[in-house]
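# Summary of structural features
Residue-level listing of the chains:
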Amino acid sequence: MTSKVCVVAAGGTGGHMFPAEALARELQARGWRIVLATDHRGEAYAQAFPAEERIALDAATGRGPVGMAKAGVAIARGLFKARKALKRLDAAVVVGFGGYPSAPALLAALSQGRPTLVHEQNSVLGRTNRWLSPYVGAVAASFPNLRMAPHGVEARVSLIGNPVRPDIRALFDRPYAAPTARGPIHVLVTGGSQGARILSEAVPQALAALPAPLRKRLRVQQQSRPEMLETARAIYAGAGIEAEVAPFFGDMARRLATTHLVIGRAGASTCSELAVAGLPSLLIPLKIAMDDHQRFNAASLAEAGGAEVVLEDEATAERLTTALLALLGDPARLAAMSAGAKSAALPDATAKLADMVEAAAAGRNPPV
């Protein structure tokens, strides 16, 4: 018997593509055939995506009457293309992960009465998911108290978490070891390579301003903007702090396994990985994130006791030094924060999302 086809539709950002890839691998292991629907930006994250076929669905966005008209034409063109592809593939289910390219795929599935669901990575429903959530069969949420859900959608929301990579999932079973009284303190600074100047500049300055006995114990690993690498290295060297500074770390799970505190942004994947790994964190939400979703992502960890949050407008080097001194100088607090972070973890999100897909495929939605 020919295995069923799942069309995974995701917009062109890592936040959408990484959970989509995790689901694709899980379903493939269960015998499903996977087809990816994305845009040209998504291709940058999809080199290793386990799909037997890819459908290019570029859904434009725009401002003003002309921009809106162009967006409408692009969605209509994508809808026509998606309808033909779904019919040819006889897709059993379509899963949307957000982003504009997921709209034509989901609309095509709904128009043909095919089972659908969406997965929302953030604490706030994204624009595309918000628009389509009243019509799809189910909504999978990564954080409790999903915000901006249209009226009536809440009853169909299942809290399952955000899929994380298997090497991150493996950290869930590892006990957290707080720094000893005089031992090294491992600090990991993430998110600086993609334009987060505040992390590349203010964090090294903040760590350099800590008392000398604490500075000597620090072992810092920092992602930084390429043009800020030498400046950050010079700040750390001048403060006597042992530091590795690079634009990107490819072995994040290994580094997380030995980290005592993470400093970074509050993207959905970051918050989910910190919870699963049971790691204390100091989070600086990106203030220009759509609908302020990073602040709400961070709040979920903070409310569980796993994170301290400093808003971007308040994140001066002096403010960060004060926060870091309180955290790094108190191993018992770090241990308590680790337990708090882990209490918010949903480590089996990938399997639960795959279960939802298989349940959806067992029925059919009425055409809209």
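To start, this report covers the structure provided alongside it. (Residues numbered from 1 in each chain as written. Predicted model: local features only at pLDDT ≥ 70, side-chain atom pairs only at ≥ 80, totals over all residues. Heavy atoms only, no water.)

## A closer look at the sheet that holds strand β5 (residues 116-120)
- As summarised here, the arrangement of the 7 strands in space is β3-β2-β1-β4-β5-β6-β7, forming an open sheet in which the pairing is parallel. Strand pairing shows two members of the sheet lacking a second neighbour, β3 (53-56) and β7 (157-159), which therefore form its edges. Strand-to-strand twist in this sheet, taken as the mean axis angle between neighbours without regard to direction, amounts to 25°.
- Bridge analysis of strand β1 (residues 5-9) against strand β4 (residues 93-96) gives 4 bridges, and the strand direction is parallel. (Pairing = 2+ DSSP bridges. Helix = DSSP H or I, 4+ residues; strand = E, 2+ residues; numbered from the N terminus. Axes fitted to C-alpha atoms, helices over the stretch in contact; angles between N-to-C directions.)

## Observations concerning the side chain of asparagine 129
- Mapped onto the elements, asparagine 129 comes out in helix α4 (residues 127-132).
- Setting aside anything within four residues of it in sequence, one finds asparagine 129 in contact with Gly96, Phe97, Gly98, Val118, His119 and Glu120. (Contact = heavy atoms within 4.5 Å.)

## Section: the packing of helix α2 (residues 64-89) against helix α3 (residues 102-111)
- In contact at an axis separation of 8 Å, α2 and α3 are set at 55° when each is read in the N-to-C sense. Considered as vectors, α2 and α3 are oriented oblique to each other. Crossing of α2 against α3: the hand is right-handed. Facing α2, whose interface residues are Ile75, Gly78, Leu79, Ala82, Arg83 and Leu86, α3 presents Pro104, Ala105, Leu107, Ala108, Ala109 and Ser111.
- A breakdown of the residues in the contact of α2 with α3 according to their chemical character gives 9 nonpolar, 2 polar and 1 charged. (Parallel < 35°, antiparallel > 145°, perpendicular 65-115°, else oblique. Left-handed = near helix turned anticlockwise from the far one by under 90°. Nonpolar A, V, L, I, M, F, W, Y, C, P; charged D, E, K, R; others polar.)

## Structural notes on unusual backbone geometry
- For methionine 148, which is not glycine, the phi dihedral falls at a positive 65°.
- Exposure remark for methionine 148: the relative accessible area of 42% places this residue in the partly exposed category.
- The backbone of aspartate 292 shows a phi angle near 55°, a positive value even though the residue is not glycine.
- Within the element layout of this structure, aspartate 292 appears in the loop between β12 (281-283) and α11 (293-303). (Buried < 20%, exposed > 50% of the residue type's maximum accessible area, 1.4 Å probe, protein only.)

## Re the packing of aromatic side chains
- Applying the stated rule across the entire model yields 0 aromatic pairs.
- Arginine 255 extends its terminal NZ or CZ atom over the ring of phenylalanine 249, reaching a point 3.8 Å from the ring centre.
- Sitting over the ring of phenylalanine 172, lysine 342 keeps its end group 5.3 Å from the ring centre. (Phe/Tyr/Trp six-rings, centres within 6.5 Å; stacked < 30°, edge-to-face > 60°. Lys NZ or Arg CZ within 6 Å of the ring centre and 35° of its normal.)

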